[in-house]
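# Remarks on the overall topology
Chain residues, written in single-letter form:
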Amino acid sequence: MKIQSAYQFGLIISIVSGCTANKMTPSTDGHAEHVASTPSIASAADTSSALPPDAAGAAARLNASPRHGEWVMIHTGDRDSLHTWVVYPERSTKAPVVIVVHEIFGLSLWVRAVADQLAADGFIAIAPDLLTMKNLPSGPDSLVARVATDSIRTLDPVWIQKQLDAVAHYGISLPAAQKKYGIVGFCWGGGVSFAHAVHAPDLGASVVYYGVSPKTSDLPSVRAPVLGLYAGNDARVDATIPAADTALRALGRTYTYNIYPGAGHGFLRQQTGMNGANMQAARAAWPATIGWFRKYLGS
């Protein structure tokens, strides 16, 4: 195992090896104009036509990928470490970094395949396993997911953000990286990616896939632009959007969101679900994601 030291924060990095649709107006008064007037986030000229695979196609996508992916172990202090999947884009210039925060199912093949697609779109993608220190059993995703969903609820939100700080520092310290980063998360990870916008003053951009919004009292510290991508049939999550929208607009922050009619929670993972609505949502959401990162992180 090759050990490299990071010159800040006392971190040690060990290299191991190589959820266009029309927007649905929220029911809360005062938000219809905001959603309807949101400008186009991405155009066909600056986004990839490729999508991440759904869960069923993740393994095949990873096996066929021409991009360099490797496992690293990021030591984050206090005897904590994160087993992390890193994928590099094929490009001749330095790339912005995007952290990928997994769902309640842990760092699955699907999350790794999402990271691979981000790399295909030009970013260094870094997907940490935030359950590393839980020592979950290894095995197929179907086995790990059952244990992960219980373990993930025991994670301390303050601890999570500290880990993401370490991952961000690792990412922007890579020789092939630009000194700026964004974050995207899914389901549970979507809420974490929104919370990271609250926490991290140096964050360049955040994308939230069907994750709950932070408490409005936490939102004044948000500086990074936030894009929310939500399913129409997901009232639990969507109920948290209007308060965040009102608060962030009052603060003069950038928060754009799209709600895809008929789509279900987890639509990017389950693209064949909801009688075509999930696929329609995925085809709109992913180009929006790439457009958002290119706008605020560069390309």
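If you're wondering where the values come from, they're calculated on a predicted model, not measured in any experiment.

A few words now on the overall build of the chain. Regarding its fold elements, the chain presents nine helices and ten strands. Surface summary for the chain: the accessible area is close to 12,700 Å², and the carbon and sulfur share equals 53%.

For the rest of this paragraph, the subject is the packing of helix α5 (residues 157–173) against helix α6 (residues 188–199). Running from N to C, α5 and α6 cross one another at 75°; their axes reach a closest spacing of 10 Å. Classified by the angle their axes make, α5 and α6 are roughly perpendicular. For the pair formed by α5 and α6, the contact residues are I160, Q161, L164 and D165 on the first element and W188, V192, A195, H196 and H199 on the second. Looking at side-chain class alone, the contact of α5 with α6 contains five nonpolar, three polar and one charged residues.

Moving on: the packing of aromatic side chains. Considering all chains together, one arrives at twelve aromatic pairs under this definition. Summarising the aromatic geometry, the rings of Y230 and Y257 are spaced 6.4 Å apart at their centres and angled 70° between planes, so their arrangement reads as edge-to-face. Taken together, the positions of Y230 in strand β9 (residues 226–233) and Y257 in strand β10 (residues 255–264) put the pair 27 residues apart, joining distant regions of the chain. The exposure class assigned to Y230 is buried, which follows from its relative accessible area of 0%. One aromatic cluster is present, formed by W110, F186, Y209, Y210, Y260 and F267 through successive ring pairs. It is R112 that lies over the ring of W85; its NZ or CZ is 4.1 Å from the centre.

Counted by the stated rule, this structure contains four salt bridges. The salt bridge partner of D78 is K162, with a shortest N-O separation of 2.3 Å. Of this pair, D78 sits in the loop between β3 (69–77) and β4 (80–87) while K162 sits in helix α5, and the two are 84 residues apart along the sequence. Of the residues examined, D78 reaches a relative accessible area of 63% and is grouped as exposed.

To continue, consider unusual backbone geometry. Unusually for a residue other than glycine, R79 sits at a positive phi of about 65°. Relative to the helices and strands, R79 resides in the loop between β3 and β4.

Moving on, we come to the nonpolar core. Within the largest apolar cluster, 48 residues are counted, with the highest numbers of intra-cluster contacts made by I124, W188, Y230 and Y255. Residue contributions to this core peak at six residues, all from α5. Excluding residues that lie within four positions of it along the chain, W188 makes contacts with V101, H102, E103, I104, L130, I152, L155 and I160. In terms of nonpolar packing, the next biggest core, distinct from the first, is built from 43 residues, A113, A119, W292 and F293 among them.

Here P201 lies in the loop between α6 and β8 (205–209). Taking the C-alpha atoms as reference, P201 lies 7.7 Å from S221; in sequence the two are 20 residues apart.

The subject of this paragraph is the environment of T154. For T154, the position within the fold is in the loop between α4 (141–151) and α5. For the pair T154 and K134, spaced 20 residues apart in sequence, the C-alpha separation works out to 9.7 Å. A polar contact of 2.6 Å, which involves the side chain of T154, links it to the backbone oxygen of S151.

Turning next to the environment of S65. With respect to the helices, strands and loops of the structure, S65 is situated in the loop between α2 (58–64) and β3. With relative accessibility at 17%, the residue S65 sits in the buried group.

For helix α9 (residues 277–297), with 21 residues, the first-to-last C-alpha span of 30 Å sits near the 30 Å given by 1.5 Å per residue. Counting buried residues in α9 gives 15 out of 21 residues, a clear majority hidden from the surface. Of the residues trailing α9, G298 is marked for its positive phi of about 90°.

So, about the side chain of R67. Along the polypeptide, R67 turns up in the loop between α2 and β3. Only 2.7 Å separates the side chain of R67 from the side chain of D116, close enough to count as a polar contact. Apart from the residues lying within four places of it in its own chain, the contact partners of R67 are V87, Y88, E90, D116, A119 and A120.

Turning our attention to the confidence of the model for the chain. Mean pLDDT for the chain: 86, with 84% of residues reaching 70 or above. In this model residues 1–48 is a low-confidence stretch, pLDDT under 50, and it forms 104 contacts with partners more than four residues away in sequence or in other chains.

A few words on the pairing of strand β6 (residues 124–128). Taking burial as the measure, the five residues of β6 include five buried ones, the bulk of the element. Side chains I124, I126 and P128 project from β6 onto one buried face, and the interleaved A125 and A127 project onto a second face that is buried too. Note that strand β5 (residues 95–101) and β6 share three bridges and pair parallel. In the sheet register, I99 faces β6, and the bridge partner there is I126. Crossover β5 to β6 through helix α3 (residues 109–120) is right-handed.

Procedures and definitions
Residues numbered from 1 in each chain as written. Predicted model: local features only at pLDDT ≥ 70, side-chain atom pairs only at ≥ 80, totals over all residues. Heavy atoms only, no water. Helix = DSSP H or I, 4+ residues; strand = E, 2+ residues; numbered from the N terminus. Areas by Shrake-Rupley, 256 points an atom, 1.4 Å probe, with all protein chains shown as cover. Axes fitted to C-alpha atoms, helices over the stretch in contact; angles between N-to-C directions. Parallel < 35°, antiparallel > 145°, perpendicular 65-115°, else oblique. Contact = heavy atoms within 4.5 Å. Nonpolar A, V, L, I, M, F, W, Y, C, P; charged D, E, K, R; others polar. Phe/Tyr/Trp six-rings, centres within 6.5 Å; stacked < 30°, edge-to-face > 60°. Buried < 20%, exposed > 50% of the residue type's maximum accessible area, 1.4 Å probe, protein only. Lys NZ or Arg CZ within 6 Å of the ring centre and 35° of its normal. Salt bridge = Lys/Arg side-chain N within 4 Å of Asp/Glu carboxyl O. Core = buried A, V, L, I, M, F, W, Y, C linked by side-chain atoms within 4.5 Å. Polar contact = N/O pair within 3.5 Å; in protein donor to acceptor, adjacent residues only side chain to side chain. Expected span 1.5 Å × (residues − 1). pLDDT = per-residue confidence, 0-100. Pairing = 2+ DSSP bridges. Right-handed = clockwise from strand over helix to strand, strands pointing away.

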